Amino acid sequence: MDVVSQLQRQFIDYSASLHREGFVDDQFTQLQKLQDENSPDFVVEVASLFFEDCEKLINNMARALEQQQGVDFKQVDASVHQLKGSSSSIGAMRVKNVCINFRSFCEAQNREGCLRCLQQVTHEYSLLKSKLQTLFRMQPSMMAVDCVLLSLVGLGNRSVV
Amino acid sequence: MHGNIWVVQNPQGSAQSMALVIRFQVRPSITITMTESGESSDQPRSNSLFRGLQVLLADDDDVNRAVTRKLLEKLGCTVSAVSSGFECLSAIGPASSPFQIVILELQMPELDGFEVAIRIRKYRSRSWPLIVAMTASGDEDVWKKCSQIGMNGVIRKPVLLQEIAIELRKVLVQANKVV
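Residues numbered from 1 in each chain as written. Chains lettered and ligands numbered in written order. Predicted model: local features only at pLDDT ≥ 70, side-chain atom pairs only at ≥ 80, totals over all residues. Heavy atoms only, no water.

## A closer look at the overall build of chain B
Check the secondary structure of chain B and you find five helices and seven strands. Sequence separation of at least 24 residues holds for 57% of the intrachain contacts in chain B that already meet a minimum separation of 6. Carbon and sulfur atoms provide 50% of the accessible area of chain B, an area that totals close to 9,400 Å². (Helix = DSSP H or I, 4+ residues; strand = E, 2+ residues; numbered from the N terminus. Contact = heavy atoms within 4.5 Å. Areas by Shrake-Rupley, 256 points an atom, 1.4 Å probe, with all protein chains shown as cover.)

## Things to note about the environment of Leu168 of chain B
Residues and elements named next belong to chain B. Locating Leu168 in the fold gives a position in helix H5 (residues 161-178). Taking the relative accessible area as the measure of exposure, Leu168 reaches 0% and is therefore buried. Residues within four places of Leu168 in sequence aside, it is in contact with Phe50, Leu72, Ile101, Ile103 and Val132. (Buried < 20%, exposed > 50% of the residue type's maximum accessible area, 1.4 Å probe, protein only.)

## Points about helix H3 (residues 113-124) of chain B
Residue and element names in this part refer to chain B. Counted at 1.5 Å a residue, the expected span for H3 with its twelve residues is 16 Å, and the 15 Å between its end C-alpha atoms agrees. The set of residues buried in H3 consists of Gly113, Phe114, Val116, Ala117, Ile120 and Arg121. Looking straight down H3, one finds that the buried residues subtend no more than 170° of arc, so they occupy a single side. Exposed positions of H3 whose direction lies more than 90 degrees from the buried face are Lys122 and Tyr123. (Expected span 1.5 Å × (residues − 1). Arc of directions from axis to C-beta.)

## With respect to helix H2 (residues 26-34) of chain A
Residues and elements named next belong to chain A. Across the nine residues of H2, eight count as buried, placing the element largely inside the fold. Regarding H2, the residues found buried are Gln27, Phe28, Thr29, Gln30, Leu31, Gln32, Lys33 and Leu34. The opening residue of H2, the one whose side-chain oxygen lies 2.9 Å from the backbone nitrogen of Gln27, is Asp25. (Polar contact = N/O pair within 3.5 Å; in protein donor to acceptor, adjacent residues only side chain to side chain.)

## Concerning the sheet that holds strand E6 (residues 130-135) of chain B
Residue and element names in this part refer to chain B. What the five strands build is an open sheet, ordered E4-E3-E5-E6-E7; its pairing is parallel. Pairing within the sheet leaves two strands with one partner each, and these edge strands are strand E4 (78-82) and strand E7 (153-156). Strand-to-strand twist in this sheet, taken as the mean axis angle between neighbours without regard to direction, amounts to 20°. The strands touched by helix H1 (residues 62-75) within the sheet are strand E3 (54-58), E4, strand E5 (101-105) and E6, with E4 carrying the most contacts at an inclination of about 165°. (Pairing = 2+ DSSP bridges. Axes fitted to C-alpha atoms, helices over the stretch in contact; angles between N-to-C directions.)

## Some points on the layout of surface pockets
Its volume calculated, the largest pocket comes out at about 720 Å³. His81 and Gln82 of chain A together with Glu105, Gln107 and Ala136 of chain B are, among the 30 residues lining the largest pocket, the residues nearest its centre. Looking at the lining of the largest pocket, the elements with two or more residues in it are helix H4 (73-90) and helix H5 (93-107) of chain A. Here the lining of the largest pocket takes ten residues from H4 of chain A, the largest share from any one element. Classifying every residue of the lining of the largest pocket gives eight nonpolar, ten polar and twelve charged. (1 Å grid on protein atoms, 1.4 Å probe; cavity = no way out; pocket = protein on both sides within 12 Å on 5 of 7 lines; lining within 4 Å. Points joined across faces, edges and corners; volume = space filled by probe spheres on them. Nonpolar A, V, L, I, M, F, W, Y, C, P; charged D, E, K, R; others polar.)

## Regarding the nonpolar core
Judged by nonpolar contacts, the single largest core of 69 residues is most densely connected at Phe50, Val76, Leu83, Phe102 and Leu132 of chain A together with Ile101 and Ile103 of chain B. Membership of the second largest hydrophobic core comes to 23 residues, among which are Phe99, Leu104, Met108 and Met151 of chain B. (Core = buried A, V, L, I, M, F, W, Y, C linked by side-chain atoms within 4.5 Å.)

## Considerations on the UniProt feature "modified residue: Phosphohistidine" (unreviewed entry) in chain A
Following the UniProt record, one finds the feature "modified residue: Phosphohistidine" (unreviewed entry) at His81 of chain A. Tracing the sequence through the fold places His81 of chain A in helix H4. Sequence-distant contacts of His81 of chain A, that is, excluding residues within four places in its chain, are made with Arg103 of chain A together with Gln107 of chain B. (UniProt positions renumbered as here; feature names shortened; annotations may be inferred.)

## A word on the pattern of salt bridges
Per the counting criterion, the structure on display carries 13 salt bridges over all chains. Taking the shortest distance from any N to any O, the salt bridge between Arg69 of chain B and Glu73 of chain B comes out at 3.1 Å. Here Arg69 of chain B pairs with Glu73 of chain B, and both are found in helix H1, just four residues apart, close to one helical turn. Across the pair Glu167 of chain B and Lys170 of chain B runs a salt bridge whose closest N-O atoms are separated by 3.4 Å. In this pair, Glu167 of chain B and Lys170 of chain B both sit in helix H5, three residues apart, roughly one turn of the helix. Overall, Glu167 of chain B belongs to the buried group, its relative accessible area being 11%. A relative accessible area of 42% places Lys170 of chain B in the partly exposed class. Put simply, Asp36 of chain A together with Lys70 and Lys74 of chain B are held in one network by salt bridges that share partners. (Salt bridge = Lys/Arg side-chain N within 4 Å of Asp/Glu carboxyl O.)

## Some details on the state of the cysteines
Residues and elements named next belong to chain A. One pass over the structure, following the stated rule, counts zero disulfides over all chains. A disulfide-free cysteine, Cys54 has its sulfur positioned 7.9 Å from the sulfur of Cys99, the nearest such atom. Residue classification places Cys54 among the buried positions, given a relative accessible area of 0%. For Cys106, which is in no disulfide, the shortest distance to another cysteine sulfur is to Cys114 and amounts to 3.9 Å. A relative accessible area of 4% places Cys106 in the buried class. (Disulfide = S-S within 2.5 Å.)

See below:
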């Protein structure tokens, strides 16, 4: 069963590194603990919802900031506020922190600052997405593992039932 | 079991050795125990107080709704979740409501949590169902407003299991005292 413990170790280590590097915080830990037999894919499902939300909200922000006639900062702020809320719930710490700065720039109606934050939030979201996808790939392999190899030597002419 | 079986034959044509590969599914709960914290991680904090409690959850954010729902179910509640203030009011219905507690995100587009609570207290009933607000705001004034409107409790976001349990328990105990 060495393969199993190796993979489990890999999963733990990767998960720990995500916490250490600030990609996720205790809220994410809570989500991992909420996963159970009734909802074995809970974390993956919530993460998928989050990534969908991110994309939609980032697009909204980009569109609003592109407006040449004049940026509706309230609209941008509404999207940032929503992203801050959901990133906070899932424990996406870095994304959340960018949102906090982003809101200040919205309040100050600073378009340049907002654009910089938009770039940052897009970057952090992409990074987190790829890290979590890596983490989730490690889970199924744990679940599918356990190759049992039985070597039966010298069966003679007996047929196997 | 999605496995494989093969036989190596010796020169006489009979089986010399066999290999059997079987793929098992490791129980998903292993992922729960893989956290670094070292504390007992899969202890449900469910309580007979919450078991079967009918809760209506209203939150327009998909992620928040999924997380809060799971937390409530972990406590033992039976949860119906809606994504707007209007849906919330429809779900409560005209007269008697199947729900004992309504958990409301305050900031929702179109019809926010305050408005929903005001309407419940005015047109449905002054004390039932119990209403608990959810908000990211730590503002004292927000909490005072909730209380003035007739809400019974407030939960701060991001939501933690312990905090939901404590606040709901407090709200239920207070309600029982009044009756």
